[in-house]
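Chain by chain, the residues:
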Amino acid sequence: MDLNFEATELRLGLPGSIDDQSEIKTTNSPANTNKRSSSEMGSSISDANDTSRSAPPAKAQVVGWPPVRSYRKNQLQAGKKTESETGCGIYVKVSMDGAPYLRKVDLKMYKSYEELMKGLQTMFKCIIGLYYDRELGYNNYGSEIYKPTYEDKDGDWMLVGDVPWDMFLSSCKRLRIMKGCEDMEG
Amino acid sequence: MVNSFPEEVLEHVFSFITLDKDRNAVSLVCKSWYEIERWCRRRIFVGNCYAVSPGIVIRRFPEVRSVELKGKPHFADFNLVPEGWGGYACSWITEMSRAYPWLEEIRLKRMVVTDESLELISTCFKNFKVLVLSSCEGFSTDGLTDIAANCRNLRKLDLRESEVMDLSGHWLSHFPNTCTSLESLNIACLGSEVSFSALERLVARSPNLKTLRLNRAVPLEKLSTLLRQAPQLVQLGTGAYSSGIRSDVYLGLSKAFSGCKALKGLSGFWDVDPSYLPAFYSVCSRLTSLNLSYATIRSPDITKVIGRCPNLQRLWVMDHVEDSGLNAVAFSCKDLRELRVFPSDPFVADANVTLTERGLVSVSEGCPKLQSVLYFCRQMSNSALITIARNRPNLICFRLCIIEPRAPDYLTLEPLDVGFGAIVEHCKELRRLSLSGLLTDRVFEYIGRHAKRLEMLSIAFAGNSDLGLHHVLSGCDGLRKLEIRDCPFGDKALLANVAKLETMRSLWMSSCAVSFGACKFLSRKMPMLNVEVIDENGTLDSRLDSCPVEKLYIYRTVAGPRSDMPAYIRTMDQCRVNTIS
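Position numbers for residues count from 1 along each chain, tracking the sequence in the order it is written. Chains carry letters from A onward and ligands carry numbers from 1 onward, assigned in written order. The predicted nature of this model means local features are confined to residues of pLDDT at least 70 and side-chain atom pairs, given and counted, to a pLDDT of 80 or more, with totals for whole chains, interfaces and linings taken over all residues. For side-chain calculations, the full set of non-hydrogen atoms in the structure is used, while hydrogens and water are omitted.

Student: Honestly, the sheet that holds strand S1 (residues 91-96) of chain A in this entry has me stumped. Any pointers?
Tutor: Residues and elements named next belong to chain A. Note: two strands are recorded as paired if DSSP finds a minimum of 2 bridges between them. Runs of H or I in DSSP of at least four residues are treated as helices and runs of E of at least two as strands, each being numbered from the N terminus. Overall, mixed pairing links the five strands, which are arranged S2-S1-S5-S3-S4 in an open sheet. Two strands close off the open sheet at either side, each with one partner strand: strand S2 (103-106) and strand S4 (157-159). Between one strand axis and the next, the sheet turns through 30° on average, direction left out of account. With four bridges joining them, S1 and strand S5 (residues 174-178) adopt parallel strand pairing. Bridging from a neighbouring strand, serine 95 pairs with arginine 176 of S5. Docked against the sheet, helix H5 (residues 113-124) engages S1, S2, strand S3 (147-151) and S5, running at close to 155° with respect to S2. Between N-to-C directions, angles span 0 to 180 degrees; the directions come from axes that are lines fitted to C-alpha atoms, helices contributing only their stretch in contact. Contacts between residues were defined by any pair of non-hydrogen atoms, one from each residue, lying within 4.5 Å.

In structure tokens, the structure reads:
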């Protein structure tokens, strides 16, 4: 377990030398999965520590600064993306094995697979196996985990995460969250 | 002598006393007044839902019709409060459903609300009229379905900036045809498209509808249809404000707007296409409130709009307005009371907009009634702040956010102590202040000395030592809420001002230097305070007394420690019990 000695060190003098580091530490701790943080903020914070993603920003970003509400941040992001598009969403039906009702999600509300998975997990109150890791490929955490799959434009059922996010947005017709370890291949 | 008036007369007199403060004073006069007052109090405001329990409130005030509760600390808006912190409305709603069958209004801010609670509200309160959920979360459109379907006398449904699990827009279609009482509907935060025909019919059968805030998914070409059905609207929030270049849409919209003679406030304007702005020119002269803070409109378009709004009292914009746009505000909007300028690109070091301190100075010069400011910018100077302070001693709320933490006066490279000092010195009625930029203990000395009416103070990346915090705690007589992040404030100031904490609603400190031991001491000394320590690294059990706490939230309460804390939060009572020392 990481005892994080830096955090226990009392320091004198002007703050600033440790601040950025301590902020990054805070957001990377597993308990802090605040779903209200914007993807831009979230990705740039994790970028600083995850070199498998795209290059980190020149300046480490601080949590909650500048003090712009998550709601506003999300609206601005959605705005930047859809400036040339209409305001309508991409609604797809989502079925989950064992659940009596279908749900609908607006894929445009999410900017990445991670966000979509979080949204689905919240909606169905289940754990969906972490499907996507750029370096390691698919992770299977055991047969209890649900697998997210989707039907694409050609009518084929695919594992969510195969294609880049934007391509997924334009080809996904419906989602199905599958239980257990049914084989998807073939 | 006091009892020479019959109760009914006193009750009648008390009915004219509406402010909580005054009601509380009335109840302290004598026992019989306390009794009479508590039976006829109809509105309750609880600024911190953990300061009191539902049971205590219900026992004292049995005939309440309207309840307002606030949950999470303000810094939750900026992701500083971890998930699962609390603020659950469930226990309140459940107990009120049993105790207040005639409850009409519920207003919640920063609370977690479930679909089950919404269902309970919709079925238990037969005369339910007003539901306002401001920055709330935890519920889905399924819960809204129940509200729509079951609340027969619903007047107001306002979802203001809440985070709703948006399963579909179908919920709106559940308002029955018999529902004609709607006065205010705000669904701006929802992503899903609602059935337009259901919306149109709802609007058409609601003659008292005064406020309508649509969501982004309502297309512009449909807006004129709604306006024609509701020409009596006073406040309108548009949906997406673009539609390709279509003259029929433009003409229809323009005509519809000119029919809205009562329109005083506009908001929305997502994805704005400037060529559609002139469509609402006809209402500009009557506008008192304009929220363009989600609209990317630049000069000259924004200046043209502003120039047409001489009666504007409230203006919210993005920094695209630039100094030139604010000059136009200073010139045209002589009745302006509130200005908010939001950053379009908050996470970029150099934004592509010319918004500087000059814009704010200009507005402070030109707008004599300006009392409330929220301003994000990238540079500030002491001289600008001094000028603003001298121009506008009537400021009540001054929130300045210089985007770079610890940014000095860009002209002199000095701290901004003197500038903010001038603000608190000149603006004697200042109630709310947010600081930013490079600041030493000196600024807190000024604040402690002058800011006697200050009720809420937000501090970030400021100060040198405990002396700074001590100045604030010992000097600001009216202080109710204090929130601090990333400042070198430790134990000394807190422990020297322990009694002060009981006079305040709450204190938040994160990434400061307060020790675990000091928290324990504080908790022992002040049983009327909940001292909650937040530690997401899960090391609360093994913390030494000398270790600094990550985040600290202290608030006064008559309800004792709360029982719904997640594992990473402890009150110091618990820690006292757990440690064998």
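Back to the write-up after that little detour.
Student: What is the right way to read the pattern of salt bridges from this model?
Tutor: Side chains carrying opposite charge are able to pair once their charged atoms draw close together. By convention in these notes, a salt bridge is any Lys or Arg side-chain nitrogen within 4 Å of a carboxyl oxygen on Asp or Glu. Evaluated as defined, the whole model comprises 30 salt bridges over all chains. We note a salt bridge from B:Glu161 to A:Arg69, for which the minimum N-O separation is 2.1 Å. Of the two residues, B:Glu161 sits in the loop between strand S6 (156-158) and strand S7 (163-165) while A:Arg69 sits in the loop between helix H3 (39-47) and helix H4 (70-81), which places them in two different chains. For B:Glu161, a relative accessible area of 19% puts it in the buried group. Exposure classes here rest on a 1.4 Å probe applied to the protein chains alone. A residue is buried below 20% of its type maximum, exposed above 50%, and partly exposed in between. Assessed through its relative accessible area of 23%, A:Arg69 is described here as partly exposed. Across the pair B:Arg155 and B:Glu183 runs a salt bridge whose closest N-O atoms are separated by 3.7 Å. Here the residue B:Arg155 occupies a position in the loop between helix H7 (141-150) and S6, and B:Glu183 occupies one in the loop between S7 and strand S8 (184-186), the gap between them amounting to 28 residues.

Student: For this particular structure, what's the right way to read the nonpolar core?
Tutor: Considering soluble globular proteins, one finds that nonpolar side chains tend to be buried as a cluster. Throughout, nonpolar core names a set of buried Ala, Val, Leu, Ile, Met, Phe, Trp, Tyr and Cys residues whose side chains join them through atoms within 4.5 Å. By size, the foremost hydrophobic cluster in this structure holds 187 residues, and its most contacted members are B:Tyr241, B:Phe257, B:Phe398, B:Ile447 and B:Leu482. Per element, the largest residue contribution to this core is five residues, and it comes from helix H8 (residues 196-204) of chain B. If you look at the next biggest cluster of nonpolar residues, it comprises 23 residues, including A:Val92, A:Tyr150, A:Val160 and A:Phe168.

Student: I would appreciate a short explanation of the environment of B:Val218 in the present structure.
Tutor: All names here are of chain B. Checked against the element boundaries, valine 218 lands in the loop between strand S9 (211-213) and helix H9 (220-229). The sequence separation of valine 218 and histidine 426 amounts to 208 residues, and the corresponding C-alpha distance is 46 Å. Those residues in contact with valine 218 that sit more than four places away from it in its chain are Phe196, Leu199, Leu226, Gly239 and Ala240.

Student: Sorry if this is basic, but what is going on with the packing of aromatic side chains here?
Tutor: Two measures describe an aromatic ring pair: the distance that separates the ring centres and the angle between the ring planes. When the centres of two rings from Phe, Tyr and Trp lie within 6.5 Å, Trp using its six-membered ring, the rings pair. Their planes under 30 degrees apart give stacked, over 60 give edge-to-face, and anything left gives tilted. Evaluation of the coordinates by the stated rule reveals 26 aromatic pairs over all chains. Each ring, one from B:Phe75 and one from B:Phe78, has its centre 6.1 Å from the other, and the planes form 55°; the classification is tilted. Residue B:Phe75 shares its accessibility class with B:Phe78, and that shared class is buried. Among the aromatic residues, ring-to-ring pairing joins B:Tyr50, B:Phe75, B:Phe78, B:Trp85, B:Trp508, B:Tyr553 and B:Tyr555 into one connected group. By definition, being over a ring means that NZ of Lys or CZ of Arg is both within 6 Å of the ring centre and within 35 degrees of the ring normal. Taking NZ or CZ as reference, A:Arg72 lies 3.6 Å from the ring centre of B:Phe342, over its face.

Student: Please explain H8(B) as it appears in this structure.
Tutor: Think of an α-helix as turning once every 3.6 residues; residues three or four places apart then point the same way. Residues and elements named next belong to chain B. When H8 is considered as a whole, its buried residues turn out to be Phe196, Ala198, Leu199, Leu202 and Val203. Down the axis, H8 shows its buried residues gathered within 160° of arc, on one side only. Packing partners of the buried residues in H8 comprise S8, S9 and H9. It is the directions from the helix axis to the C-beta atoms that the arc portrays.

Student: Is there a simple way to explain the pairing of S1(A) in this structure?
Tutor: Residues and elements named next belong to chain A. Both S1 and S2 contribute to a ladder of four bridges, which runs antiparallel. Residue pairing in the sheet places valine 94 in a bridge with arginine 103 of S2. Linking S1 to S2, which pair antiparallel, is a turn of six residues; within it glycine 98 sits at a positive phi near 95°.

Student: Sorry if this is basic, but what is going on with the packing of helix H14 (residues 357-366) of chain B against helix H15 (residues 382-391) of chain B here?
Tutor: The description of two helices packed together rests on the angle between their axes and the distance between the axes. All names here are of chain B. At their nearest, the axes of H14 and H15 sit 9 Å apart, and the two run at 15° to each other. One way to sum up the angle between H14 and H15 is to call them roughly parallel. Classified by chirality, the crossing of H15 by H14 is left-handed. In contact with Glu357, Leu360, Val361, Ser364 and Glu365 of H14, H15 contributes Ala384, Thr387, Ile388 and Asn391. Working rule for angles: under 35 degrees goes down as roughly parallel, over 145 as roughly antiparallel, 65 to 115 as roughly perpendicular, anything else as oblique. Whether a crossing is left-handed or right-handed is set by the direction in which the near helix is turned from the far one by less than a right angle, anticlockwise for left-handed and clockwise for right-handed.

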